[in-house]
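# Tertiary structure, described
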Amino acid sequence: EGEDGVLAGVGEGTSIVDCATLAESDMVRMSEAVAGKGGRFLEAPVSGSKGPAAQGSLIFLCAGSEDLFNEIKDGGLKAMGKASHFFNTDVGYGTRAKLVVNSLMGTMLAAFGEGLALSEGMGLDPKTMIEVIGQGAIQAPMFNLKGPKMVAKDHAPNFPLKHAHKDMALASDMAKEAGVEYSVMDTAEKLFRAAREDPDLNVADEDFSAVFEKVHKESSN
């Protein structure tokens, strides 16, 4: 929106595909601004981080211009992603889907961290417990991916904790607006907020798996 910003270059025939995860109101505002200058707008936030992006296995969650979606779904989106979903011609539905996904992902990781901490507290080998969890009905690729790194305190960022918390906070606000029961995910959001704001941990820029450090800290208090 600046003097030399993206919007300044928008005109008839311009197409904008926005893959950020923002508040729904921000997406709607930008869509209206692009349309007001004769352009087309597609919101397309992605499920997946650096690894899936490099592997071309992102999942695009789209809304807005259906014509633009149909033009690019077998080209640019397919080159970067393994799946693309179109939810609605009204911008905002892609963001809603993304916030549901990310709030669930953060909640799962928070619960997983508490499970690992409990394992350690009860004298169980957390590496063995990761293996056990990965063999049963509650297995999840994220647990197998993050678990060994969490135990090793390796939180090199793929998805920074501050961004994960931002999405969880937006999802909590969305749930309040919708009048939907969200107490479990609200509790996870508070844990992520506490981790992000803890000056002793300083993990806001670390991977969102670093919420495990906050679990550890609270366990020892």
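Predicted model, so just to flag it, every value in this text is computed and none were measured. (Residues numbered from 1 in each chain as written. Predicted model: local features only at pLDDT ≥ 70, side-chain atom pairs only at ≥ 80, totals over all residues. Heavy atoms only, no water.)

What follows covers helix 7 (residues 141–151). Of the positions making up helix 7, those classed as buried are Met 142, Phe 143, Lys 146, Gly 147 and Met 150. For helix 7, the buried positions fall inside an angular range of 120 degrees around the axis, keeping them on one side. More than 90 degrees from the buried face of helix 7, the exposed residues found are Pro 141 and Leu 145. At its buried positions, helix 7 is contacted by helix 5 (93–121), helix 6 (126–133) and helix 10 (211–220). (Buried < 20%, exposed > 50% of the residue type's maximum accessible area, 1.4 Å probe, protein only. Helix = DSSP H or I, 4+ residues; strand = E, 2+ residues; numbered from the N terminus. Arc of directions from axis to C-beta. Contact = heavy atoms within 4.5 Å.)

In this section: the nonpolar core. Phe 112, Leu 161, Phe 192 and Phe 208 are the most contacted members of the largest nonpolar core, which has 25 residues in total. Of all the elements in the fold, those that place two or more residues in this core are helix 5, helix 6, helix 7, helix 8 (161–178), helix 9 (183–197) and helix 10. For this core, the leading source of residues is helix 5, giving 5 residues. Other than its neighbours up to four places away in sequence, Leu 161 contacts Phe 192, Ala 195, Arg 196, Val 203, Ala 204, Glu 206, Asp 207, Phe 208, Ala 210 and Val 211. Listed in part, the 9 residues of the second largest apolar core include Leu 42, Leu 68, Phe 69 and Leu 77. (Core = buried A, V, L, I, M, F, W, Y, C linked by side-chain atoms within 4.5 Å.)

Covered by surrounding structure in strand 1 (residues 15–18) are Ile 16 and Asp 18 only, the residues Ser 15 and Val 17 on the alternate face being uncovered. The pairing of strand 1 with strand 2 (residues 40–43) spans 4 bridges and is classified as parallel. By the bridge assignment, Asp 18 is partnered in strand 2 with Glu 43. In terms of handedness, the path from strand 1 via helix 1 (residues 24–36) over to strand 2 forms a crossover that is right-handed. (Pairing = 2+ DSSP bridges. Right-handed = clockwise from strand over helix to strand, strands pointing away.)

Another aspect to go through is the environment of Lys 82. Positionally, Lys 82 belongs in strand 5 (residues 81–88). Judged by relative accessible area, which is 63%, Lys 82 ranks as exposed. Sequence separation between Lys 82 and Pro 52 is 30 residues, and the spatial gap between their C-alpha atoms is 9.2 Å. What Lys 82 contacts, discounting residues up to four positions off in sequence, is Gly 56, Ser 57, Leu 58 and Ile 59.

A full pass over the atoms with the stated rule returns 13 salt bridges. Lys 166 is the salt-bridge partner of Asp 167, the closest N and O atoms lying 2.8 Å from each other. Taking the shortest distance from any N to any O, the salt bridge between Arg 193 and Glu 189 comes out at 2.7 Å. Pair noted here: Arg 193 and Glu 189 are both in helix 9, with a separation of 4 residues, about one helical turn. Here Arg 193 falls in the partly exposed class, since its relative accessible area comes to 34%. Given the relative accessible area of 6%, Glu 189 is considered buried. (Salt bridge = Lys/Arg side-chain N within 4 Å of Asp/Glu carboxyl O.)

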